[in-house]
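Summary of structural features
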Amino acid sequence: MPDKHELLTRLPTEFGGLEAGPIERVEHELEPWEKRCHALADVLDFHKIINTEEKRRGVEALGAELIGKLTYYERWIVAFSNILFQKGILAPDDVARKMQEVATRLGVNTAEHAHANDCSKSMPS
Amino acid sequence: MVDLHHDHNHEQDHGDHDRAAAGIGTGDYVPGYFEMLEMSIGELLVERGLIGAAEIRRQIEVLDSRTPALGAKVVARAWIDSEFKKRLLANGRAACEELGISFYDDTGLIVLENTDNVHNLIVCTLCSCYPRPVLGLPPDWYKLKPYRARAVTEPRAVLAEFGTIIPDDVEVRVSDSTAQVRFLVLPKRPKGSENFGEKQLAALVTRDAMIGVVPVELS
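Computed from a prediction, not measured in an experiment: that's the story for all the values here.

Conventions used here
The written sequence of each chain sets the order in which its residues are numbered from 1. As a convention, the first chain written is A and the first ligand written is 1, with the rest following in written order. The model is predicted, so local features are restricted to residues of pLDDT at least 70 and side-chain atom pairs to those at 80 or more, both for listing and for counting; the totals for chains, interfaces and linings are taken over all residues. Secondary structure elements are taken from DSSP: a helix is a run of H or I of four residues or more, a strand is a run of E of two residues or more, and numbering for both begins at the N terminus. As a rule, residues whose C-beta atom has 12 or fewer other C-beta atoms within 10 Å are exposed, those with 20 or more are buried, and those in between are partly exposed; C-beta atoms are placed from the backbone. Once C-beta atoms are placed from the backbone, any two residues with those atoms within 7 Å are in contact. Note on method: axes are straight lines fitted to C-alpha atoms, helices fitted across the in-contact stretch only, with angles between N-to-C directions ranging 0 to 180 degrees. What sets the label is the angle itself: under 35 degrees gives roughly parallel, over 145 gives roughly antiparallel, 65 to 115 gives roughly perpendicular, and the rest give oblique. Should the near helix be turned counterclockwise from the far one by less than a right angle, the crossing is left-handed, whereas a clockwise turn marks it as right-handed. A pair of strands counts as paired when DSSP detects no fewer than two bridges linking them. Side-chain classes follow a simple rule in which Ala, Val, Leu, Ile, Met, Phe, Trp, Tyr, Cys and Pro form the nonpolar group, Asp, Glu, Lys and Arg form the charged group, and the remainder, Gly included, forms the polar group. What a helix is expected to span follows from its residue count: subtract one and scale by 1.5 Å. Working definition: the nonpolar core is a set of buried Ala, Val, Leu, Ile, Met, Phe, Trp, Tyr and Cys residues, joined through C-beta atoms within 7 Å. Per residue, pLDDT measures the predictor's confidence, with a range of 0 to 100.

1. Quick look at the overall build of chain B
Within chain B, the regular secondary structure consists of 12 helices and 4 strands. Classification of the 219 residues of chain B by burial places 37% in the buried group. In chain B, the proportion of contacts linking residues at least 24 apart, taken out of those at least 6 apart, comes to 66%.

Structure, rendered in structure tokens:
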């Protein structure tokens with residue numbers, strides 16, 4: 001019962017007070033796409049398309065397993081996709097088509113990334 | 001599910017990333033799923049006129065212009081100008097704006113002063129809220145679980161891991177940031193810096209001191 005209560009009252013991203021290991025003082029220079037992703041978040045906020053609270057809730061809605069597996073900006077971009085789908089601003093098919101176009105333009109082997117399109121179509125909404 | 005290109009060697013990948021970001025095809029660099037998703041979302045929003053392509057570029061420049069040097073300038077000014085310090089503690093955002101530091105978001109800023117009796121530490125237990133306009137982007141450790149989990153319940157142990165021992169008679173205050181309100185620590189001016197000028201003082205102030213995990217020391 002305490003476990004269920006904990007699950008009910010604690011968001012998957014709410015870490016305050018949990019047991020955790022030592023602090024490893026890691027940092028890294030953002031990769032270009034990560035920086036673009038951050039700038040995109042700010043611009044989406046400026047335009048009131050996705051605000052900071054919505055972004056945080058979007059990440060929480062990914063659930064503990066995905067949150068644990070994705071890196072910081074991977075969580076953000078997946079959360080943005082889902083929020084944009086939910087708001088009806090973009091459709092999953094639009095994103096799948098665009099990803100195909102981007103892949104072709106960048107010379108990415110599309111067979112290798114075919115699963116990517118399937119992924120965006122089946123993204124939980 | 002998806003092969004995460006993050007696992008690759010960052011050093012080696014970097015140049016390729018830059019070329020790919022510039023839209024130049026390279027032989028061996030393959031952008032990952034999430035990078036292509038980011039490009040796709042951005043391009044679709046631009047095509048539909050919901051955001052401007054130039055806005056993203058401009059915001060990248062804004063992000064690049066924000067470094068802990070800005071926060072250090074604020075701290076040094078507060079150390080030498082007691083009237084400024086009063087205004088800074090009363091309204092952090094307004095005082096920073098006075099120094100020409102614009103806030104590109106809707107966040108407020110509360111500046112917390114370290115004294116002989118109080119040591120402040122900032123954290124965001126829920127996500128990664130941080131005083132970005134004055135410090136730039138947070139380090140990874142600030143965003144990861146150990147710091148966020150433990151800073152609120154065992155701050156002295158956390159500080160000790162940064163090599164900072166706070167005497168028992170000094171109160172440790174931990175401030176948990178929110179989407180609307182961010183914090184910045186005003187560290188104690190180090191002993192021996194009495195004759196330092198403003199720029200010399202600013203050069204002593206580190207990002208980690210303004211998060212509150214280390215003191216400012218004479219280098």
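After that view, the rundown keeps rolling.
2. Things to note about the overall build of chain A
The helix and strand inventory of chain A stands at 7 helices and 0 strands. Counting every position in chain A, which comprises 125 residues, the buried fraction comes to 35%. A separation of at least 24 residues holds for 54% of the contacts in chain A among residues at least 6 apart in sequence.

3. So, the packing of helix H5 (residues 72-86) of chain A against helix H2 (residues 33-47) of chain B
Their axes nearest at 10 Å, the elements H5 of chain A and H2 of chain B cross at an angle of 40 degrees. Relative to H2 of chain B, H5 of chain A is oriented oblique. Crossing handedness for the pair H5 of chain A and H2 of chain B: left-handed. Across from Glu74, Ile77, Phe80, Ser81 and Leu84 of chain A in H5 of chain A, the residues of H2 of chain B making contact are Phe34, Leu37, Glu38 and Ile41 of chain B.

4. Observations regarding the pairing of strand S4 (residues 181-186) of chain B
Residue and element names in this part refer to chain B. The buried fraction of S4 amounts to 5 of the 6 residues, a majority that puts the element mostly inside the structure. Relative to S4, strand S1 (residues 108-113) runs parallel, the two being bridged by 6 bridges. Of the residues in S4, the one forming a bridge with Leu112 is Val185.

5. Points about the interface of chain B and chain A
Listed as interface residues are 52 residues of chain B and, on the opposing side, 54 residues of chain A. Elements that contribute at least two residues to the side of chain B that touches chain A include exactly helix H1 (10-21), H2, helix H3 (53-65), helix H8 (140-143), helix H9 (145-150) and helix H10 (155-161) of chain B. Of the residues forming the side of chain B that touches chain A, the biggest block, 12 residues, is contributed by H2 of chain B. The class makeup of the residues in the side of chain B that touches chain A is 30 nonpolar, 9 polar and 13 charged.

6. As for the environment of Phe46 of chain A
By secondary structure assignment, the location of Phe46 of chain A is in helix H2 (residues 32-46). Residues Phe46 of chain A and His5 of chain A, 41 residues apart in the sequence, show an inter-C-alpha distance of 37 Å.

7. Side note on H2 of chain A
Residue and element names in this part refer to chain A. The terminal C-alpha atoms of H2, which comprises 15 residues, lie 21 Å apart, in line with the 21 Å expected from a rise of 1.5 Å per residue. Buried residues dominate H2, accounting for 12 of its 15 residues. Of the residues making up H2, those classed as buried are Trp33, Glu34, Arg36, Cys37, His38, Ala39, Leu40, Ala41, Asp42, Val43, Leu44 and Asp45.

8. Details of the nonpolar core
Counting residues in hydrophobic clusters, the biggest one holds 40 residues, and the most contacted among them are Val74, Val75, Leu184, Val185, Val205 and Met210 of chain B. Here this core gets 7 residues from one element, more than from any other, and that element is helix H4 (residues 68-80) of chain B. What Val75 of chain B contacts, discounting residues up to four positions off in sequence, is Leu186, Pro187, Val205 and Met210 of chain B. Counting residues in each nonpolar core, the second largest holds 36 residues, with Trp33 and Phe80 of chain A together with Met39 and Leu44 of chain B among its members.

9. What about the confidence of the model for chain A?
Residues and elements named next belong to chain A. Summary statistics for chain A give a mean pLDDT of 86 and a share of 86% for residues scoring 70 or more. Taken element by element, chain A is modelled with least confidence in helix H7 (residues 114-121), mean pLDDT 44, and with most confidence in H5, mean pLDDT 97. When the criterion is pLDDT under 50, residues 113-125 qualifies, and its contacts beyond four places in sequence or with other chains add up to 28 contacts.

10. Comments concerning the environment of Arg207 of chain B
All names here are of chain B. One can find Arg207 in helix H12 (residues 207-211). The sequence separation of Arg207 and Pro68 amounts to 139 residues, and the corresponding C-alpha distance is 5.3 Å. Ignoring any residue separated from it by four or fewer positions in sequence, one finds Arg207 in contact with Pro68 and Leu135.

11. Description of the packing of H4 of chain B against helix H5 (residues 82-90) of chain B
All names here are of chain B. Relative to each other, H4 and H5 sit at 125 degrees, their axes nearing to 5 Å. Here H4 lies oblique to H5, going by the angle between them. The two elements H4 and H5 meet at a crossing, and its hand is left-handed. Between H4 and H5, the residues in contact are Val74, Arg77 and Ala78 and Phe84, Lys85 and Leu88, respectively. Taken together, the residues that form the contact of H4 with H5 break down as 4 nonpolar, no polar and 2 charged.

12. Some words on H5 of chain A
All names here are of chain A. With 15 residues, H5 should reach 21 Å at 1.5 Å per residue; the first-to-last C-alpha distance of 21 Å fits that figure. Counting buried residues in H5 gives 11 out of 15 residues, a clear majority hidden from the surface. Of the residues making up H5, those classed as buried are Tyr73, Glu74, Arg75, Trp76, Ile77, Val78, Ala79, Phe80, Ser81, Ile83 and Leu84. Just beyond H5, the residue with positive phi is Gly88, at close to 75 degrees.

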